[in-house]
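# Per-entry structural report
If you want the building blocks of each chain, they are given just below.
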Amino acid sequence: MRKSLHEVQEIDRYIFHRMPPTDRLVFRARMILQPELKEKVRLQRKTHVFLRWCSRKEKKDELTSLYTRLMNDTTFHTTIHAIFSR
Amino acid sequence: MNHEDQNLEKLYRDAFPHIARLLHSLGADLDAARDLFHDAMVIYLEKKRDNCLPVHVSPRQYLAGIARILWFKQCKHERRQTDIRFVEDSLPAEEAVDPEKKSLLLYKYLKVAGNACLQLLQAFYYEKLSMPAIAGKFHYGSAHSATVQKYKCLEKLREKIKQTEIYEEVIA
């Protein structure tokens, strides 16, 4: 694996707390000394937040399709509308 | 329809009427109840994936608890937004930055330009599949090849997010 990919892997280990405490301490010191590393960590965190957002969005889209399909079922549709027509 | 989809539909059929009734009694309309139910379902499915669901609570009870919390959280947020809007009315108008909209634009771009990478990253980081399972699903020769590809994809996406930030700074 090339050097930059090793760094991506190392940042992941830091973000997800998979580093031994001493390595973590050293990594934090490196972030202080190398602002570009700190910036990469920030961006990689943001990437993970974005990935979770994408996955949740897809799950909600799937649930919306399921809702639309179930609302075409007369029994289900009637049950749901009866609740909100009160 | 696979087994997982069947279970999801069964749970939806069973739980949604119950939770819709609960949320309606708290003041929600059908659209709000559906959206909150979907949010609760996402939380439930994530907890189930991580084996973190409480043992003695049924899925329906769990979903009802989450939906109720989300409803109160939403009411509180809306009240705060109303207060903020009242203050903002007296300030000069500025274009609002909507993070949801920005994420959606990037998501749509990636679905076209980098869907394979996006799927691989989601399989590992969200679905929490093992690397051998991912290698099988995405037809990689070995778990090691899939791991290397995963880091390449993560680096690529990180770079894309950086570019998006730079672009936003330029147009701001």
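Residues numbered from 1 in each chain as written. Chains lettered and ligands numbered in written order. Predicted model: local features only at pLDDT ≥ 70, side-chain atom pairs only at ≥ 80, totals over all residues.

## Quick notes on unusual backbone geometry
Residue and element names in this part refer to chain B. Located in the positive-phi region is Lys 128, a residue other than glycine, with phi close to 60 degrees. As for its position among the elements, Lys 128 is in the loop between helix H5 (115-125) and helix H6 (131-137). Look at Lys 128 and you get exposed, because 11 C-beta atoms sit within 10 Å. The backbone phi angle of His 139 is positive, close to 60 degrees, even though this residue is not glycine. (Helix = DSSP H or I, 4+ residues; strand = E, 2+ residues; numbered from the N terminus. Buried ≥ 20, exposed ≤ 12 C-beta atoms within 10 Å, placed from the backbone.)

## Some points on helix H1 (residues 3-15) of chain A
All names here are of chain A. Here H1 contains 13 residues, and its C-alpha end-to-end distance of 18 Å stays within 8% of the 18 Å for a straight helix at 1.5 Å per residue. Among the residues of H1, those classed as buried are Val 8, Ile 11 and Tyr 14. Down the axis of H1, the sector holding all buried residues measures 120 degrees, keeping them to one side. (Expected span 1.5 Å × (residues − 1). Arc of directions from axis to C-beta.)

## Digging into the interface of chain B and chain A
Counting residues at the interface gives 32 residues for chain B, matched by 30 residues for chain A. Among the elements of the structure, helix H1 (3-26), helix H2 (30-49), helix H4 (99-113), H5 and helix H7 (143-171) of chain B are those that each provide at least two residues to the side of chain B that touches chain A. Here the side of chain B that touches chain A gets nine residues from one element, more than from any other, and that element is H7 of chain B. Partitioning the side of chain B that touches chain A into residue classes produces 19 nonpolar, four polar and nine charged. (Contact = placed C-beta atoms within 7 Å. Nonpolar A, V, L, I, M, F, W, Y, C, P; charged D, E, K, R; others polar.)

## Thoughts on the packing of helix H3 (residues 35-71) of chain A against H5 of chain B
At a closest axis distance of 10 Å, the pairing of H3 of chain A and H5 of chain B adopts a crossing angle of 95 degrees. Classified by the angle between their axes, H3 of chain A and H5 of chain B sit roughly perpendicular to one another. Contact residues: H3 of chain A offers His 48, Leu 51, Cys 54 and Ser 55 of chain A, while H5 of chain B offers Leu 118, Leu 121, Gln 122 and Tyr 125 of chain B. The class makeup of the residues in the contact of H3 of chain A with H5 of chain B is five nonpolar, three polar and no charged. (Axes fitted to C-alpha atoms, helices over the stretch in contact; angles between N-to-C directions. Parallel < 35°, antiparallel > 145°, perpendicular 65-115°, else oblique.)

## Concerning the domain arrangement of chain B
Interfaces are frequently sized by the accessible area removed from exposure as the parts join. Per the domain assignment, the segments making up chain B are domain 1 (3-88) and domain 2 (99-171). Distance between the C-alpha centres of domain 1 of chain B and domain 2 of chain B: 28 Å. (Domains from an automatic or database assignment.)

## Remarks on the confidence of the model for chain B
For chain B, per-residue confidence averages 89 on the pLDDT scale, and 89% of positions sit at 70 or higher. Listed scores for the predicted complex are pTM 0.86 and ipTM 0.87. (pLDDT = per-residue confidence, 0-100.)

## Structural notes on the nonpolar core
What tends to happen in soluble globular proteins is that the nonpolar side chains get buried as a cluster. Counting residues in each nonpolar core, the largest one holds 20 residues, and the members touching the most others are Ile 19, Leu 23, Leu 36, Phe 37, Ala 40, Leu 63 and Ala 67 of chain B. Elements supplying a minimum of two residues to this core: H1, H2 and helix H3 (59-88) of chain B. For Ala 67 of chain B, the contacting residues outside a window of four places in its chain are Ile 19, Leu 22, Leu 23, Leu 36, Phe 37 and Ala 40 of chain B. The next biggest cluster of nonpolar side chains, apart from the first, holds 16 residues, and it includes Ile 11 of chain A together with Ile 134, Cys 153 and Leu 154 of chain B. (Core = buried A, V, L, I, M, F, W, Y, C linked by C-beta atoms within 7 Å.)

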